[in-house]
Amino acid sequence: MKTNTVIILSALSLALAACSNTSPAPQQEIAELPKSDIANFSPEIWPQREPSPALIPAIEDRVSELVAKMTVEEKVGQIIQPELKYVTPQDVKTYHLGSILNGGGTTPNNDKRASVDDWVSMAEAFYQASMDTSDGKLAIPLIWGSDAVHGHNNLFGATIFPHNIGLGAANDPELIRRIGQATAKEMAASGLDWTFGPTVAVVRDVRWGRTYESYSEAPDIVSAYAKEMVKGIQGGARTSSDFKPGYIVATAKHFLGDGGTLNGIDRGDTQVSEQELLDIHAAGYISALDSHVLTTMASFNSWNGDRMHGHEYLLTDILKERMGFTGFVVGDWNGHQHVPNCTSIKCAAAINAGLDMFMVPEDWKPLWENTLKDVKEGRISMTRLDDAVTRILRVKMLAGLFDAGPIRDRQHVGDESLVGHPDHRAIAREAVRKSLVLLKNDNQVLPIKGDSNILVLGDAADNIGKQSGGWTLTWQGTGNTNEDFPGASSILDGLNELVQKHGGKVAFDQTGETLPELADSGALPDVAVMVYGEEPYAEWHGDIVSIEYQYNRKRDLQLLAKLKELEIPVVSVFITGRPLWTNKELNASDAFVVAWLPGSEGGGVADVLVADANGKAEYDFQGRLSFSWPASANQAIVNMGQEDYDPLFEYGYGLALNDQVIVGNSLSEETSKQTLDEMQEQWIFVSRVNAPWNLTLHDEKDAARLVDANTVRHGEGDNISIIAVDKVSQEDSRRVAWKGFRPAKVAFNADVPQNFSEFVENGAHLNFDVRLDKALPNTLSLSMGCENGCSNALALSELLDSPDQGMWYSVSVPLSCMADSSVDYSNVNTVFSLQSSEQAELTFANIKIVPTEAGQPANCGLTAAN
């Protein structure tokens with residue numbers, strides 16, 4: 001993809017028109033990926049291991065015989081894995097595809113509530129296509145992969161277990177094995193035979209949006225859990241006869257170093273020594289091999305600048321040869337396209353480096369054709385192709401797929417009673433209880449006597465989707481309601497259940513509207529339980545800049561303050577996928593419980609919070625921090641063992657109910673004023689809408705509409721619309737279309753005006769990427785909104801100066817050029833707005849406020865381009 005960078009240093013349209021030069025930079029040729037130079041590495045530090053899974057002579061003979069009979073077309077088909085939305089059973093037959101996957105939120109018939117039978121029917125159709133020999137080709141069973149990362153989370157009605165970060169706090173490997181068993185059984189019931197789990201990342205910077213997929217910052221917990229989770233999922237299988245019904249294929253992911261990227265940026269660069277890569281980041285893979293994990297997934301990230309999807313040294317020399325991995329390596333979602341000299345449709349370098357199966361969701365047909373050509377023309381050797389195919393067939397045979405017969409004839413398949421089975425839900429509820437970490441319990445507010453009068457507040461109290469987080473029915477975990485979780489319980493449900501059992505009373509007031517009335521009537525509750533926290537997110541979209549909870553948007557703190565003013569004892573139950581700076585919320589709470597992302601069995605929270613009428617608790621807090629808790633908003637990296645280790649709560653901290661530890665209400669609430677070198681970018685839209693901003697559509701005749709789905713249309717005649725599209729990764733940009741019936745705009749608004757004064761003083765810019773999908777009209781302009789009014793709307797036609805359609809441009813505008821000198825930048829309520837009264841269509845991405853050089857006056861009469 002070509003990207004043109006344009007630095008805009010002007011808000012005066014005439015000057016821009018005269019000086020602008022935005023012709024695209026020439027495309028640079030990318031060098032061939034170099035072969036690994038082992039002399040630059042230290043293979044001797046890695047463990048030398050026996051083959052894992054063990055090579056079984058009978059299976060090896062059978063695989064060799066089959067490979068010898070396959071055509072090159074059949075072999076190439078085995079290493080291609082399309083996504084369910086883009087492939088049919090007929091495609092599987094025609095191209096002899098070896099695998100398919102369903103990505104997060106993809107379901108049979110595009111129905112989020114698809115039944116078990118719907119899943120089984122589709123799995124059967126694909127299986128039968130793979131076994132069809134009517135074209136004279138061989139019958140090789142398809143393997144279907146799915147991200148079952150906390151239960152079979154794509155299946156309606158399934159048990160949703162706590163995300164890994166909560167399980168790490170439970171520190172119970174045996175529990176992990178049982179969770180793996182239950183997940184495998186529910187997947188088997190739906191006809192699927194391969195999960196992309198467990199994630200065995202060791203996270204070093206909690207700004208990473210996948211932090212909750214990690215068990216711990218400590219390699220030992222990750223190692224212990226990886227071993228047991230693989231056992232639970234696969235049943236310890238090593239041969240076909242050992243692979244018992246109800247078990248499926250596991251994946252250790254993402255190899256290697258995904259949790260260590262610079263600044264916690266997803267798919268970024270992990271800049272560590274080889275020894276640290278081994279000691280910290282490889283721990284889970286070594287133990288997963290102990291349990292004979294059958295597949296690994298290559299990671300999006302780089303290691304010291306070299307992409308993992310093309311890293312021959314790590315994929316082949318270390319993983320396969322040194323550590324003896326005999327299963328196969330699958331790619332991540334189009335991850336091969338980031339390897340030098342590669343695109344999504346052509347990448348011999350990745351296969352040559354050791355990737356065995358491309359995960360290529362949509363562009364799989366041209367990739368199949370180009371890979372076939374690469375083999376026939378010698379860019380991929382037949383030896384390497386045969387090795388990849390051998391590994392894939394070996395796994396299928398070890399998993400028993402060649403002998404299992406039709407999907408519907410297999411044990412457990414189609415058994416709806418297994419999905420959300422009471423035994424599985426009991427395990428999940430146990431996991432919730434064990435994962436809760438008590439950070440504060442001043443005045444022994446907990447446990448709450450069961451006969452108390454309790455007021456429950458907060459938008460997470462009765463929200464199963466929010467308590468479950470990302471990778472839940474939808475990819476990002478958004479757009480779900482409680483009705484999407486039959487058989488599940490919210491945290492409020494659990495409180496109601498136990499308090500009523502013990503003679504108490506629960507009232508629910510999400511926003512605290514009844515507080516004035518309760519105060520006036522003298523009917524204040526005995527205790528308030530406020531349940532709040534992060535909104536759901538998943539990979540990439542979950543990356544953040546600041547670890548301060550509700551940065552610049554303290555809605556929950558305001559409600560906590562009201563409770564404190566009324567002298568109501570407050571128990572905070574915090575829903576989060578990572579440790580966050582919460583000193584202000586801790587100060588406003590008498591007790592503070594980290595519930596992480598508990599999943600579908602929210603009742604487990606009440607099991608620990610609520611005692612009987614005599615104050616005797618049935619369960620105590622067992623959870624202990626598997627991630628250090630930050631003492632300041634600048635402490636995104638705080639891991640035990642580092643030289644300046646000084647967290648608020650150390651790794652392993654966690655109170656029991658009888659502990660007499662007083663945290664107090666005097667924790668520092670100061671967010672230190674940052675120097676220019678320390679100033680952090682402010683993200684408005686980076687893959688998703690970033691707090692405190694809301695994305696809205698405005699039509700001249702209709703009220704503003706919040707954009708809360710991937711596709712939203714607004715105004716009479718759908719005058720303006722927006723849709724999530726891909727730039728680099730899934731849904732990381734938004735395409736906006738104006739029909740031109742009336743003036744309309746798309747805008748990022750904040751409920752509470754934001755202070756950008758410091759950024760203006762330091763010469764900050766508003767940066768964004770834009771691609772024109774239709775000719776640019778003169779009326780399409782960019783502006784910022786302030787409470788006291790902003791001016792100087794900038795015409796994009798002048799900013800970009802005759803840009804090419806379909807070309808991405810990076811634009812940088814000084815904040816001081818966005819409005820006149822009288823504007824108060826401490827009260828910005830619209831940070832980015834695009835408006836037009838004519839037909840237009842464009843795509844935007846990566847909207848940020850970026851600090852630059854302090855004291856440099858903005859030259860609003862000059863435009864520069866490279």
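Given the structure is predicted, the values throughout are model-derived calculations rather than measurements. (Residues numbered from 1 in each chain as written. Predicted model: local features only at pLDDT ≥ 70, side-chain atom pairs only at ≥ 80, totals over all residues. Heavy atoms only, no water.)

> Just to check I follow, could you spell out the packing of aromatic side chains for this structure?
Remark: the centre distance and the inter-plane angle together describe each pair of aromatic rings, the angle taken between the planes. Tallied over the full model, the rule gives 26 aromatic pairs. On the basis of an interplanar angle of 15° and a centroid distance of 4.0 Å, the ring pair of Phe 41 and Tyr 313 is categorised as stacked. Of the two residues, Phe 41 sits in the loop between α1 (13-19) and α2 (57-69) while Tyr 313 sits in helix α11 (residues 312-322), which places them 272 residues apart along the sequence. Given a relative accessible area of 0%, Tyr 313 falls into the buried group. Here Phe 126 and Trp 144 contribute two aromatic rings whose centre-to-centre distance is 6.0 Å and whose plane-to-plane angle is 80°, an arrangement assigned as edge-to-face. Here Trp 144 lies in strand β4 (residues 143-146) and Phe 126 lies in helix α5 (residues 116-130), a separation of 18 residues in the sequence. A relative accessible area of 2% places Trp 144 in the buried class. Among the aromatic residues, those joined into a cluster by ring pairs are Tyr 532, Tyr 549, Phe 574, Phe 592, Trp 596 and Trp 629. The ring of Phe 300 has Arg 267 lying over it, and the distance from NZ or CZ to the ring centre is 3.9 Å. (Phe/Tyr/Trp six-rings, centres within 6.5 Å; stacked < 30°, edge-to-face > 60°. Helix = DSSP H or I, 4+ residues; strand = E, 2+ residues; numbered from the N terminus. Buried < 20%, exposed > 50% of the residue type's maximum accessible area, 1.4 Å probe, protein only. Lys NZ or Arg CZ within 6 Å of the ring centre and 35° of its normal.)

> I keep staring at the pattern of salt bridges and nothing clicks. Help me out?
Proximity of charged atoms lets side chains of opposite charge pair with each other. Under the defined criterion, the tally for this structure stands at 52 salt bridges. Here Lys 434 ties to Glu 430 by a salt bridge, and the two come within 2.7 Å at their closest N and O atoms. Pair noted here: Lys 434 and Glu 430 are both in helix α15 (residues 422-435), with a separation of four residues, about one helical turn. Residue Lys 434 is classed as buried on the basis of its relative accessible area of 15%. Here Glu 430 falls in the buried class, since its relative accessible area comes to 15%. Ionic pairing is found between Lys 701 and Glu 716, a salt bridge with its closest N-O pair at 3.2 Å. Of this pair, Lys 701 sits in the loop between β21 (693-699) and β22 (702-706) while Glu 716 sits in the loop between β23 (711-714) and β24 (720-725), and the two are 15 residues apart along the sequence. Looking at Lys 701, the relative accessible area reads 55%, which means it is exposed. What emerges from the salt-bridge pattern is a single network uniting Asp 172, Glu 174, Arg 177, Arg 178, Glu 228, Lys 231, Glu 430 and Lys 434. (Salt bridge = Lys/Arg side-chain N within 4 Å of Asp/Glu carboxyl O.)

> What's the story with the nonpolar core in this structure? I'm lost.
Soluble globular proteins tend to pack their nonpolar side chains together in the buried interior. With 125 residues, the main nonpolar core has Trp 46, Ile 79, Ile 80, Ile 179, Leu 314, Phe 358 and Leu 393 as its most contacted residues. No other element matches the eight residues that helix α14 (residues 382-398) contributes to this core. Discounting chain neighbours no more than four positions away, the residues touching Phe 358 are Ile 79, Ile 80, Gln 81, His 336, Cys 347, Ala 350, Ile 351, Leu 367 and Thr 371. Ranked by size, the runner-up nonpolar core spans 81 residues in total, among them Val 445, Leu 580, Ala 588 and Val 605. (Core = buried A, V, L, I, M, F, W, Y, C linked by side-chain atoms within 4.5 Å. Contact = heavy atoms within 4.5 Å.)

> How do you make sense of the confidence of the model for the protein when you look at a structure like this?
Should the pLDDT be low somewhere, the predicted coordinates at that spot are not to be read in detail. Mean pLDDT over the protein stands at 90; residues scoring 70 or higher make up 91%. Overall, residues 1-36 carries pLDDT values under 50, and its contacts beyond four positions in sequence, including any with other chains, amount to 92 contacts. Confidence over residues 673-677 falls short of pLDDT 50; this stretch has 11 contacts with residues more than four positions distant or in other chains. (pLDDT = per-residue confidence, 0-100.)

> Just checking my understanding: could you explain α11 for this structure?
Quick reminder: α-helices carry 3.6 residues per turn. Residues three or four places apart thus point the same way. Among the 11 residues that make up α11, 10 are buried, leaving the element largely enclosed by the rest of the structure. The complete set of buried residues in α11 reads Glu 312, Tyr 313, Leu 314, Leu 315, Thr 316, Asp 317, Ile 318, Leu 319, Lys 320 and Arg 322.

> Help me understand the packing of helix α8 (residues 219-234) against helix α10 (residues 283-290) in this model?
A pair of packed helices can be characterised by two numbers: the angle between their axes and the separation between those axes. In contact at an axis separation of 7 Å, α8 and α10 are set at 30° when each is read in the N-to-C sense. Classified by the interaxial angle, the pair formed by α8 and α10 is roughly parallel. Crossing of α8 against α10: the hand is right-handed. Taking contact as the criterion, the partners of Pro 219, Val 222, Ser 223, Ala 226, Lys 227 and Val 230 in α8 are, on α10, Ala 283, Gly 284, Ser 287, Ala 288 and Asp 290. The residue inventory of the contact of α8 with α10, partitioned by class, reads six nonpolar, three polar and two charged. (Axes fitted to C-alpha atoms, helices over the stretch in contact; angles between N-to-C directions. Parallel < 35°, antiparallel > 145°, perpendicular 65-115°, else oblique. Left-handed = near helix turned anticlockwise from the far one by under 90°. Nonpolar A, V, L, I, M, F, W, Y, C, P; charged D, E, K, R; others polar.)

> What's the story with the sheet that holds strand β11 (residues 328-330) in this structure? I'm lost.
Strand pairs in the sheet, formed through backbone hydrogen bonds, run parallel or antiparallel to each other. Pairing in this open sheet of three strands is parallel, and the strands run β6-β8-β11 from one edge to the other. Each edge of the sheet is formed by a strand with only one pairing partner; in this case those strands are β6 (251-255) and β11. Taking the axes of each pair of neighbouring strands and ignoring which way they run, one obtains an average angle of 30° across the sheet. In the sheet, strand β8 (residues 295-298) pairs with β11 via three bridges, with the strands oriented parallel. Each bridged residue has a counterpart across the sheet, and for Thr 295 the counterpart in β11 is Phe 328. (Pairing = 2+ DSSP bridges.)

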